[in-house]
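Here's the letter readout for the chains.
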Amino acid sequence: MNGAHTKLTDFSRSAFTAVCCDDVMTPDDGNLLVVEDELFLRKAVAASLRFLGFEVTAAENGADALRLARSRPFDLLILDVMLPDIDGFEIVRRLRGDGNQVPVIFLTAKDTQDDKVTGLTIGGDDYMTKPFELEELVARVRTVLRRSRPAAPEPALSFADLTLDQETYEVRRGGRLIELSPTEFRLLRYFMLNPGRVLTRAQLLSQVWGYDFGGSSTVVSTYVTYLRRKLASDGPNLIHTQRAVGFSLRLPRPGEEASPGEVTPPGQVGADKPESSANQTDQRRRPGRPGRKPGELR
């Protein structure tokens with residue numbers, strides 16, 4: 001191991017304490033699983049996190065990681081993607097298939113946008129590219145743990161006929177229960193905390209995912225589409241696109257049609273597109289003689 005993949009070769013406990021612990025009044029807590037095949041990196045990360053007060057279990061391959069994650073409850077996995085047997089993405093897919101929603105921070109030497117999007121989309125909570133600074137890893141561990149742990153109970157949020165209960169993690173529209181994934185729930189919660197406000201993709205990446213990975217909007221747009229479709233099945237569209245800016249939670253304005261990519265439920269403004277398109281086609285075929293609706297006077 002020559003240290004080419006990490007910046008931890010000059011690790012020292014005194015320097016680490018000065019950088020990471022000046023603002024820490026109480027020890028950190030949490031049961032972490034560190035999975036990394038590079039011996040030096042695995043030992044350095046595990047020792048550093050233990051020094052801060054975390055309980056740390058270490059594994060060097062995917063098989064051990066799966067066995068441990070399935071047999072013991074962990075608060076967070078710090079998971080290398082490029083393992084010698086089962087890669088980190090596949091480990092998370094299998095855990096999510098088991099119903100295990102343990103938070104995950106991916107570590108990898110691969111720095112491609114596709115890998116980052118894949119890691120976050122399959123259920124990862126953060127993604128760090130090697131080499132990395134130890135204090136940045138600690139900050140991200142704390143952020144993910146803080147975000148994943150139950151917060152103090154707050155009143156249920158409501159907007160129009162939509163309600164979000166932060167204690168039971170239930171979302172209802174018009175009284176009907178809507179099933180959301182954890183990410184969709186966090187996304188909707190942030191919209192409901194900021195009704196009427198246009199939220200940029202960068203803001204959503206930061207507040208919902210906790211990490212801006214190069215300003216990509218792919219994951220944000222994908223999850224907004226998922227959420228919009230689920231909510232729009234029971235009423236007018238509530239999540240609107242502000243072109244070239246972001247998205248907002250608000251009631252539709254009179255006569256407003258859905259933005260590109262928005263779903264408009266039957267019976268709402270902008271529905272019956274096939275009929276509208278047919279009328280437009282008919283008008284193009286007979287210029288100067290616009291189509292009339294039955295009983296309409298011109």
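Residues numbered from 1 in each chain as written. Predicted model: local features only at pLDDT ≥ 70, side-chain atom pairs only at ≥ 80, totals over all residues. Heavy atoms only, no water.

Assigned secondary structure in the protein consists of 10 helices and 12 strands. In the protein, once contacts between residues fewer than 6 apart in sequence are set aside, the share between residues at least 24 apart is 59%. Counting every atom, the protein has about 15,800 Å² of accessible surface; 49% of that belongs to carbon and sulfur. (Helix = DSSP H or I, 4+ residues; strand = E, 2+ residues; numbered from the N terminus. Contact = heavy atoms within 4.5 Å. Areas by Shrake-Rupley, 256 points an atom, 1.4 Å probe, with all protein chains shown as cover.)

A word on the packing of aromatic side chains. Counted by the stated rule, this structure contains 5 aromatic pairs. Here the aromatic rings of tyrosine 169 and phenylalanine 185 are separated by 4.8 Å at their centres, their planes lie at 35 degrees, and the arrangement is tilted. Placement of tyrosine 169 in the loop between β7 (162–165) and β8 (170–173) and of phenylalanine 185 in helix α7 (residues 182–193) is noted, with a sequence separation of 16 residues between them. Residue class for tyrosine 169 comes out exposed when judged on its relative accessible area of 51%. (Phe/Tyr/Trp six-rings, centres within 6.5 Å; stacked < 30°, edge-to-face > 60°. Buried < 20%, exposed > 50% of the residue type's maximum accessible area, 1.4 Å probe, protein only.)

Time to look at the pairing of strand β1 (residues 31–35). For β1, the buried fraction is high: 5 of the 5 residues fall into the buried class. What you see with β1 is no split at all: Asn31, Leu33 and Val35 on one side and Leu32 and Val34 on the other are buried throughout. In the sheet, β1 pairs with strand β2 (residues 55–59) via 5 bridges, with the strands oriented parallel. By the bridge assignment for β2, valine 34 is matched with alanine 58. The β-α-β motif built from β1, the intervening helix α2 (residues 39–51) and the parallel element β2 has right-handed crossover chirality. (Pairing = 2+ DSSP bridges. Right-handed = clockwise from strand over helix to strand, strands pointing away.)

Attention now goes to the confidence of the model for the protein. The predicted model of the protein averages 78 in pLDDT, with 72% of residues at 70 or higher. Put simply, helix α10 (residues 273–285) is where the protein has its lowest mean pLDDT, 38, and β1 is where it has its highest, 96. Taken as a whole, residues 9–26 scores under 50 in pLDDT and shows 20 contacts with residues more than four places along the chain or in a different chain. Ignoring residues within four places in sequence, the model shows residues 263–298, a span with pLDDT below 50, making 26 contacts including any to other chains. (pLDDT = per-residue confidence, 0-100.)

Residues Leu188, Phe191 and Leu204 are the most contacted members of the largest nonpolar core, which totals 29 residues. At the level of elements, β6 (157–159), β7, α7, α8 (201–209), α9 (218–232) and β12 (246–249) are the ones that each hand at least two residues to this core. Beyond its immediate chain neighbours, meaning those up to four positions away, leucine 188 contacts Leu162, Leu164, Val171, Leu180, Leu227 and Leu231. (Core = buried A, V, L, I, M, F, W, Y, C linked by side-chain atoms within 4.5 Å.)

Right, let's get into the environment of asparagine 100. Mapped onto the fold, asparagine 100 is located in the loop between α4 (88–97) and β4 (104–108). Sequence separation between asparagine 100 and arginine 70 is 30 residues, and the spatial gap between their C-alpha atoms is 8.0 Å. Those residues in contact with asparagine 100 that lie beyond four places of it in its chain are Ala69 and Leu95. One polar contact links the side chain of asparagine 100 to the main-chain amide nitrogen of valine 102, over a distance of 3.0 Å. (Polar contact = N/O pair within 3.5 Å; in protein donor to acceptor, adjacent residues only side chain to side chain.)

Here the focus is the packing of helix α3 (residues 62–71) against α4. Two numbers describe how α3 lies on α4: the axes approach to 10 Å, and their chain directions differ by 25 degrees. When the axes of α3 and α4 are compared, the pair comes out roughly parallel. Crossing of α3 against α4: the hand is right-handed. Within the contact between the two elements, α3 uses Gly62, Ala65, Leu66, Ala69 and Arg70 and α4 uses Ile91, Arg94 and Leu95. The residue inventory of the contact of α3 with α4, partitioned by class, reads 5 nonpolar, 1 polar and 2 charged. (Axes fitted to C-alpha atoms, helices over the stretch in contact; angles between N-to-C directions. Parallel < 35°, antiparallel > 145°, perpendicular 65-115°, else oblique. Left-handed = near helix turned anticlockwise from the far one by under 90°. Nonpolar A, V, L, I, M, F, W, Y, C, P; charged D, E, K, R; others polar.)

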